[in-house]
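Spelled out from the first residue to the last, the chains are:
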Amino acid sequence: MDGIDANLQIVKERIAEAADKSGRDLSDITLIGVTKTIEPERINRLVSLGVTNLGENRVQELLSKQPLIEAGVKWHLIGNLQKNKVKYIIDKVILIQSVESMELAKQIDKEAEKRRIIMDILMEVNIADEATKHGVTPNNILKTANELSQLNNIRLCGLMTVAPFVEKQEANRDYFKKMFNLYVDMREKIDNNDITILSMGMTGDFAVAIEEGATMVRIGTGIFGERNY
Ligand SMILES: *Cc1c(COP(=O)(O)O)cnc(C)c1O
C-alpha cells in the first residue's frame, strides 16, 4: 500500500464535511489532484481511484508526464506560464488557471485562434498582495475581466488564488471570503455566463476555502504526502 487510497479517503471526507457544514452541494466542488513531482505510477493509481482532474504547475513536467498517464484525464495548468510556452500547452490542458496578465491572455488568445479552439482560463488573483506571488490585484479584477471579454478565443471561467502559506487554516478565512465576494461581484457585473469556477484551497486550508465558497480545490500533499524535490 502506498497510502494514496487512505489519504484520498480522508481528503474526500473532509471535503464532504466542509460542504455539509456550509450547506453546499458536494457535486459543486471539484477536486484537482496536484501531481507535481509525483511519479507516473502513483499518478495513475490516483486516476484509478476516480480522480480524473489533475493539475501541474510546470509546462515541461506536464508535457513529459502526460503520455504516461491514463487517457481521459483532464489536465489543468495551475502554475506560472511564460508567454513563449503557451504554444506547447494550449491544446494539452482543459483549463489554464494561472492567467495573471493581459499580455499572457493575449498570447493565449492568439495561439487559440491559430488552432481554432476556445481556451478556458481563470484569472489568478494575488489576494494577499504578496510580493512573491503572481496574480491580478483585487482592485484590477473588473477592469481585467472586461478586457479579457474582448478576446474571442478565450473564455473567462472564473477566479483562482494561492492563499498565503499558514500554519492554521483559519488564518486564510478572510482572504477566501474576499475572493468569494470578488467572484460574486464579477459574475454580477461582467456579462458572461461562463463564470462558474472559484479555484481556492490547498492541503493546508481547503476545508475553510470550501466553507467560504470554493468550487475547485487543488490538493497535492494531502493525497501523495510530502513532495521530494
Ligand atoms: C503545489 C500546488 C498546490 C497543491 O499544494 P498542496 O499544499 O501540496 O496541496 C495547489 N495549487 C498550486 C498552484 C500549487 O502550485
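Please read these numbers as outputs of a predicted model, since none were measured by experiment.

Here is what the cut-offs are and how they apply
Residues numbered from 1 in each chain as written. Predicted model: local features only at pLDDT ≥ 70, side-chain atom pairs only at ≥ 80, totals over all residues. Heavy atoms only, no water. Helix = DSSP H or I, 4+ residues; strand = E, 2+ residues; numbered from the N terminus. Rg over C-alpha atoms; globule rule 2.2 N^0.38 Å. Buried < 20%, exposed > 50% of the residue type's maximum accessible area, 1.4 Å probe, protein only. Contact = heavy atoms within 4.5 Å. Areas by Shrake-Rupley, 256 points an atom, 1.4 Å probe, with all protein chains shown as cover. Lys, Arg positive; Asp, Glu negative; His and termini not counted. Charge placed at Lys NZ, Arg CZ, Asp CG, Glu CD. Arc of directions from axis to C-beta. Salt bridge = Lys/Arg side-chain N within 4 Å of Asp/Glu carboxyl O.

Can you help me understand the overall build of the protein in this one?
A count of helices and strands for the protein gives 9 helices and 8 strands. What you see for the protein is a C-alpha radius of gyration of 17 Å, in line with the 17 Å of a compact globule of 229 residues. With respect to the three principal axes, the spread of C-alpha positions in the protein is 50 × 40 × 30 Å. Here the protein holds 229 residues, and the buried ones make up 49% of them. Relative to all contacts within the protein whose residues are 6 or more apart in sequence, the contacts with residues 24 or more apart total 59%. Only carbon and sulfur atoms are counted for the fraction: they give 46% of the accessible area of the protein, which is about 11,300 Å². Where the 30 positive side-chain charges of the protein centre and where its 34 negative ones centre are 4 Å apart.

Help me understand the side chain of Asn153 in this model?
Summarising the element assignment, Asn153 is placed in the loop between α6 (141–148) and β6 (154–161). Asn153 has contacts with Asp109, Ala112, Glu113, Ile117, Ile118 and Met119, leaving out every residue within four places of it along the chain.

What is the right way to look at α6 in this model?
Each α-helix winds once per 3.6 residues, and so residues spaced three or four apart point in a common direction. Among the residues of α6, Ile141, Thr144, Ala145 and Leu148 are the ones counted as buried. All buried residues of α6 fall inside an arc of 100 degrees around its axis, so they share one side. Tucked inside the fold, the buried residues of α6 contact α5 (102–114), β5 (119–125), β6 and α7 (173–189).

Is there a simple way to think about the pattern of salt bridges in this case?
Pairing is possible between side chains that carry opposite charge, provided their charged atoms lie close to one another. The tally for this structure, following the rule as stated, stands at 17 salt bridges. Salt-bridge contacts for Glu111 lead to Lys114; the nearest nitrogen and oxygen are separated by 3.2 Å. Pair noted here: Glu111 and Lys114 are both in helix α5, with a separation of 3 residues, about one helical turn. Under the relative-accessibility criterion, Glu111 is labelled buried at 4%. By relative accessible area, which is 57% here, Lys114 ends up exposed. With a closest N to O distance of 2.8 Å, Glu130 and Lys133 form a salt bridge. A residue is classified by how much of its surface remains accessible, and Glu130, at 21% relative accessible area, is partly exposed. Residue classification places Lys133 among the partly exposed residues on the basis of a relative accessible area of 24%. Among the charged side chains, a salt-bridge network with shared partners connects Lys21, Glu170, Arg173, Lys177, Glu211 and Glu212.

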